[in-house]
Amino acid sequence: MSIVITVLDPERVVQVSDTLVTDILNKSVLSEIARKTIVVLGNKTTFVVGWVGLALDATGRHETGRWLWEALVKMDAVDLTIDEITTRLASAATNDFAHLQAANKCLGILIAGWDSEPFVVTVSNYLEVKNKREPDDSVKTHHIPSVTETKCSTTFRGNIQRYAKKTKRDYLVVVLGDLKSAKLKRHFTGLKKKLKKNATAPDITAVCREIALEASTHTHTIGRTLTGAELSRRGKNNCTYYSENSKPEILVPPMLTLQGASIDGTITEMPDGRTRVQAKIIRRMKKP
């Protein structure tokens, strides 16, 4: 199932995810380089996307990370509102996943960022999102949703949660994946303390990384190679990487900008001290 940890406050979002892909039935390792975070810098929205669930179909031709990136590129997400992106992504997932060969097609996509205000979006066929109480537009307070797992459906649905009446101390933490929350209580308490002190994005990333690493010790479906993204409301972004295998290759999350899109990015430190950057890049074709 993997893990994606997302932290959102009025001015920044941090997301940390692992790169492991395992077989749903026998838990054998299928890949250790799957990017599960995407960064989108549009002219109407700025956000990160993370996902958990089905990564590969039985044929091996479908890769969810690539499918999600291609779906965002195809709809030209950098020029859409978050409402349009949510509707189109739910429709594309419903249509495309219907034709996949897989024993379990559960998929959860989480989007966190801003347009005129912070938002958190889920697009899923098994996650049910509900408000703990009905929103009161006159008060505009937080309405932190509860997210529960239900039976996997053939239809994907989108849910948008917006947050008004914001202060610097407001924040939201959303975790998707295969984790035992009781065993991570101490780590989440540490994250809460950092957020209350308005810690820097790198400090928040470090705590999220500790949570993911601790979660990996309790299951075989969460890897210890982690990628992350730190994104400010103004679009300034920084990618992070952590691996215990000491390989010289750094995995870079896919990205969409007004200039184009990239995927399969790597940064490799060469023996002579030089740095080699590689990625598949698509220039954005502006609509007439």
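Above: the structure in question.
The following paragraphs examine the structure supplied in this document.

Criteria and cut-off values
Residues numbered from 1 in each chain as written. Predicted model: local features only at pLDDT ≥ 70, side-chain atom pairs only at ≥ 80, totals over all residues. Heavy atoms only, no water. Helix = DSSP H or I, 4+ residues; strand = E, 2+ residues; numbered from the N terminus. Expected span 1.5 Å × (residues − 1). Buried < 20%, exposed > 50% of the residue type's maximum accessible area, 1.4 Å probe, protein only. Contact = heavy atoms within 4.5 Å. Pairing = 2+ DSSP bridges. Axes fitted to C-alpha atoms, helices over the stretch in contact; angles between N-to-C directions. Polar contact = N/O pair within 3.5 Å; in protein donor to acceptor, adjacent residues only side chain to side chain. Phe/Tyr/Trp six-rings, centres within 6.5 Å; stacked < 30°, edge-to-face > 60°. Core = buried A, V, L, I, M, F, W, Y, C linked by side-chain atoms within 4.5 Å.

Below, the discussion takes up helix α4 (residues 201–216). Between its first and last C-alpha atoms α4 spans 22 Å; for 16 residues at 1.5 Å apiece the expected length is 22 Å, and the two agree. When α4 is considered as a whole, its buried residues turn out to be A201, I204, T205, V207, C208, I211, A212, L213, A215 and S216. Contacts made by the buried residues of α4 are with β1 (3–8), β2 (12–18), α3 (185–196), β13 (226–232) and β14 (237–242).

Here helix α2 (residues 82–97) is 16 residues long and its end C-alpha atoms lie 22 Å apart, about the 22 Å a rise of 1.5 Å per residue gives. Those residues of α2 lying buried are I82, I85, T86, L89, A90, A92, A93, T94 and F97. Each element contacted by the buried residues of α2 is listed here: β6 (46–53), α1 (64–74), β7 (107–114), β8 (118–124) and β11 (157–162).

Spatially, β12-β1-β2-β13-β14 is the arrangement adopted by the 5 strands of the open sheet, whose pairing is antiparallel. Each edge of the open sheet is held by one strand with a lone partner, namely β12 (172–177) and β14. Each neighbouring strand pair of the sheet contributes to a mean axis angle of 10 degrees, computed without reference to strand direction. In the packing of α4 onto the sheet, contacts are made with β1, β2, β13 and β14, and the angle to β2 comes to roughly 25 degrees.

Here H62 shows up in the loop between β6 and α1. Within polar-contact distance, the side chain of H62 engages the side chain of T64 at 3.0 Å. When neighbours within four sequence positions are excluded, H62 is seen to be in contact with A55, L56, D57, W67, F97 and L100.

Another aspect to go through is the environment of D178. Relative to the assigned elements, D178 resides in the loop between β12 and α3. Look at D178 and you get partly exposed, because its relative accessible area is 26%. With 28 residues separating them in the primary sequence, D178 and T150 have C-alpha atoms 15 Å apart. A distance of 2.8 Å separates polar atoms of two side chains, one belonging to D178 and the other to T219. Among the polar contacts made by the side chain of D178, one reaches the side chain of T221 at a distance of 2.6 Å.

Inspection of the entire model under this criterion finds 3 aromatic pairs. With 5.2 Å between their ring centres and 75 degrees between their planes, W67 and F97 make a pair best called edge-to-face. With a gap of 30 residues between them, W67 in helix α1 and F97 in helix α2 connect regions that are remote in the sequence. Taken as a pair, W67 and F97 share a single burial class, namely buried. Between F97 and F156, the aromatic rings sit 5.3 Å apart at their centres with planes inclined by 65 degrees, giving edge-to-face as the arrangement. Of the two residues, F97 sits in helix α2 while F156 sits in the loop between β10 (145–149) and β11, which places them 59 residues apart along the sequence.

In this section: the nonpolar core. Counting 36 residues, the largest nonpolar core has L72 and I109 as its most contacted members. Elements with a contribution of two residues or more to this core: β5 (37–41), β6, α1, α2, β7, β8 and β17 (260–269). Looking at this core, the element that brings in the most residues is α2, giving 7 residues. Every residue in contact with I109, bar those within four places of it in the chain, is listed here: V49, G50, W51, W67, L68, L89, V121, T122 and V123. Core analysis: the next-biggest nonpolar cluster, separate from the first, contains 21 residues, L41, Y163, V174 and A229 among them.

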